[in-house]
Amino acid sequence: MSAAESHILPVYSPPEQIFERGEGCWIWDDKGEKYLDCIAGISVNAFGHAPPFLVKTLTEQAGKLWHTSNMFKIKGQEELAAKYTRDCFADVVFFTNSGTEAIEGSLKTARKYHSANGHPERIDIIGFQGSFHGRSYAAINASGTPAYLEGFGPRLPGFIQVPYGDEAALRAAISPTTAALIIEPVQGEGGVRAVPEETLRLYRKLADENGFLIIFDEVQSGAGRTGKMWAHQWSGMTPDIMAVAKGVGGGFPMGAFMATKEAAKGMVVGVHGTTFGGNPLAMAVGNAAYDELSKPAFLEHVNKVANYLSQALEGLKDRHPQLVVDVRGKGLLRGIKLTINPKEIQAKLRARKVLVGVAGDNVLRIAPPLTIKEDELRQLIDAVDAVLAAQMAEASA
Ligand SMILES: *Cc1c(COP(=O)(O)O)cnc(C)c1O
């Protein structure tokens, strides 16, 4: 069917093929062609496609109970919240269906904290240019990409963006009406940049000195993606509120926001809610996924293959200095910054049966299943190598 006949709202422009089946890091289209998946549904399929342990958990739960809504206690919520809070700064958790909802809840929690503290004037959310926090109306206001806002009416009050990494601009933006600072510890959509650990520690200091909260958007960087459960854990500092999603359900749509007891003090009965969030299917899968992610051997594997990938990416950069400006990111969330449009390289890789993503700032994005093996990463690197070499040959012909 041509695009003209499609009944899908045309906000995406995907290639023609349709994928039908997946196993581990491999995925097959409707013509039976096999691809190496190095984008994993944008950092979602942490255990690859159709991981048997999650298929079992999901189908068992599907035969029992799907939905009751949060008007009743839901099996698995208390258990999963206990696991999340056992392993990080947070004391309380709210389950959502998506990353955007987790962001929305995080922003509401921050403003409600100040209002509960007698400072309803503290509404300003400071974010960074180039950041991405989702597509709801609050999330596009919090995101540092003006294009997402265009045509959707006036900018909401209380959202400020400062240039990425500009400490002076950040200090200048802080005021008595600052509610929170929001940042992705490793930026996803904006260009896969990892925020230096000392910068995260500086933000904590500024927040404590000026009485505002820190919100981490770990929707993309979390769930083991960087080799720790949450990317900020490399820095030793902690936020007050954190939004998570993408990988936490291993492919099942779910997310959460979590907070310290103090930061969540305004979130009392009736002030927030969700129909589907934390449903029995999500909780069954979420618990099984988290148990697997939190096995020490699992994260050891991520660090080992991430280390291999780092070295291979540095090699690519050395071999293609005219095309590769920089390699970025952390763990298995990596970017190759190119001098040319990464979409062209992405399409050529797809022709070679390797799937990768792109990100802002001319970046080719790599976010494979966390279970990927070294020989599979080698196949990725060989394909990128070949495509970049062909690109150079073409350019000089
Ligand atoms: C994907 C993403 C979101 C939005 O999550 P959805 O599940 O698409 O709503 C928010 N923040 C970051 C950093 C993301 O990568």
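Anyway, here's the lowdown on the structure attached to this text. (Residues numbered from 1 in each chain as written. Predicted model: local features only at pLDDT ≥ 70, side-chain atom pairs only at ≥ 80, totals over all residues. Heavy atoms only, no water.)

1. Things to note about the pattern of salt bridges
One pass over the structure, following the stated rule, counts 21 salt bridges. The residue Glu60 makes a salt bridge to Lys56 at a minimum N-O spacing of 3.4 Å. Linking Glu60 with Lys56, this pair stays in helix H2 (residues 52-62), spanning four residues, or about one helical turn. Take Glu60: its relative accessible area is 43%, and that puts it in the partly exposed class. On the basis of relative accessible area, Lys56 is assigned to the exposed category, the value being 51%. Glu262 is the salt-bridge partner of Lys265, the closest N and O atoms lying 3.4 Å from each other. Accessibility expressed as a relative area gives 36% for Lys265, which makes it partly exposed. Among the ionic contacts, a cluster of salt bridges with common partners joins Asp326, Arg328, Lys337 and Asp361. (Salt bridge = Lys/Arg side-chain N within 4 Å of Asp/Glu carboxyl O. Helix = DSSP H or I, 4+ residues; strand = E, 2+ residues; numbered from the N terminus. Buried < 20%, exposed > 50% of the residue type's maximum accessible area, 1.4 Å probe, protein only.)

2. Concerning the site of the ligand
Taken together, Ser98, Gly99, Thr100, Phe132, His133, Gly134, Glu184, Asp217, Val219, Gln220 and Lys246 make up the full set of residues adjacent to the ligand. At 2.8 Å from an oxygen atom of the ligand is found a main-chain nitrogen or oxygen belonging to Gly99. Phe132 places a main-chain nitrogen or oxygen 3.4 Å from a nitrogen atom of the ligand. Residue composition of the shell around the ligand, grouped by class: two nonpolar, six polar and three charged. (Near = heavy atom within 4 Å. Polar contact = N/O pair within 3.5 Å; in protein donor to acceptor, adjacent residues only side chain to side chain. Nonpolar A, V, L, I, M, F, W, Y, C, P; charged D, E, K, R; others polar.)

3. Observations concerning helix H9 (residues 296-319)
Across its 24 residues, H9 extends 35 Å between first and last C-alpha, which sits within 8% of the 34 Å expected from 1.5 Å per residue. Those residues of H9 not exposed but buried are Phe298, Leu299, Val302, Val305, Ala306, Leu309, Ala312, Leu313, Gly315 and Leu316. Against the buried residues of H9 lie helix H8 (280-293), strand S11 (324-330), strand S12 (333-338), strand S15 (363-366) and helix H11 (374-396). (Expected span 1.5 Å × (residues − 1). Contact = heavy atoms within 4.5 Å.)

4. A closer look at unusual backbone geometry
A positive phi is found at Ile42, a non-glycine position, where the angle reads about 60 degrees. When you line up the elements, Ile42 lands in helix H1 (residues 40-43). The exposure class assigned to Ile42 is partly exposed, which follows from its relative accessible area of 33%. In this model, Lys353 sits at a positive phi of 70 degrees, which is unusual for a non-glycine residue. Its place among the elements puts Lys353 in the loop between helix H10 (342-351) and strand S13 (354-355).

5. Regarding the sheet that holds S13
Read from one edge of the open sheet, four strands run S1-S2-S3-S13, paired in mixed fashion. Each edge of the sheet is formed by a strand with only one pairing partner; in this case those strands are strand S1 (19-23) and S13. Of the pairings in the sheet, the one linking strand S3 (residues 34-37) to S13 comprises two bridges and is parallel in character. When the sheet's bridge partners are listed, Asp37 is paired in S13 with Leu355. Strands strand S2 (26-29), S3 and S13 of the sheet are contacted by H11, whose axis makes an angle of about 100 degrees with S3. (Pairing = 2+ DSSP bridges. Axes fitted to C-alpha atoms, helices over the stretch in contact; angles between N-to-C directions.)

6. Things to note about the packing of helix H3 (residues 77-86) against H8
Closest axis-to-axis distance for the H3/H8 pair is 9 Å, and the angle between their directions is 30 degrees. Judged on the interaxial angle alone, H8 and H3 are roughly parallel. With respect to the hand of their crossing, H3 and H8 are arranged in left-handed fashion. Each of Gln77, Glu79, Leu80, Lys83, Tyr84 and Arg86 in H3 lies in contact with H8, whose residues at this interface are Met283, Gly286, Asn287, Tyr290 and Asp291. Tallied by class, residues from the contact of H3 with H8 come to four nonpolar, three polar and four charged. (Parallel < 35°, antiparallel > 145°, perpendicular 65-115°, else oblique. Left-handed = near helix turned anticlockwise from the far one by under 90°.)

7. Regarding the sheet that holds strand S8 (residues 213-217)
Read across the open sheet, the seven strands follow the order S4-S10-S9-S8-S7-S5-S6; overall the sheet is mixed. Each edge of the sheet is formed by a strand with only one pairing partner; in this case those strands are strand S4 (92-96) and strand S6 (159-162). Ignoring strand direction, the axes of neighbouring strands in this sheet form an average angle of 20 degrees. Relative to strand S10 (residues 255-259), S4 is paired through five bridges, and the arrangement is antiparallel. Of the residues in S10, the one forming a bridge with Thr96 is Gly255. Here H3 sits on the sheet in contact with S4 and S10, set at roughly 125 degrees to S4.

8. A word on the environment of Phe132
The residue Phe132 is located in the loop between strand S5 (124-128) and helix H5 (137-142) in this model. It is 33 Å that separates the C-alpha atoms of Phe132 and Gln61, two residues lying 71 residues apart in sequence. Excluding residues within four positions of it along the chain, Phe132 makes contact with Ser143, Tyr148, Glu184, Glu189 and Asp217.

9. Details of the environment of Lys112
Assignment of secondary structure puts Lys112 in helix H4 (residues 99-116). According to the relative accessible area criterion, Lys112 is partly exposed, its value standing at 31%. The residues touching Lys112, leaving out its near neighbours within four places in the chain, are Gly266, Met267 and Val271.

10. What to know about the side chain of Ser143
Relative to the elements of secondary structure, Ser143 occurs in the loop between H5 and S6. Among the polar contacts made by the side chain of Ser143, one reaches the main-chain amide nitrogen of His133 at a distance of 2.8 Å. Beyond its immediate stretch of four places on either side in the chain, Ser143 contacts Ser131, Phe132, His133, Gly134, Tyr148 and Gln161.

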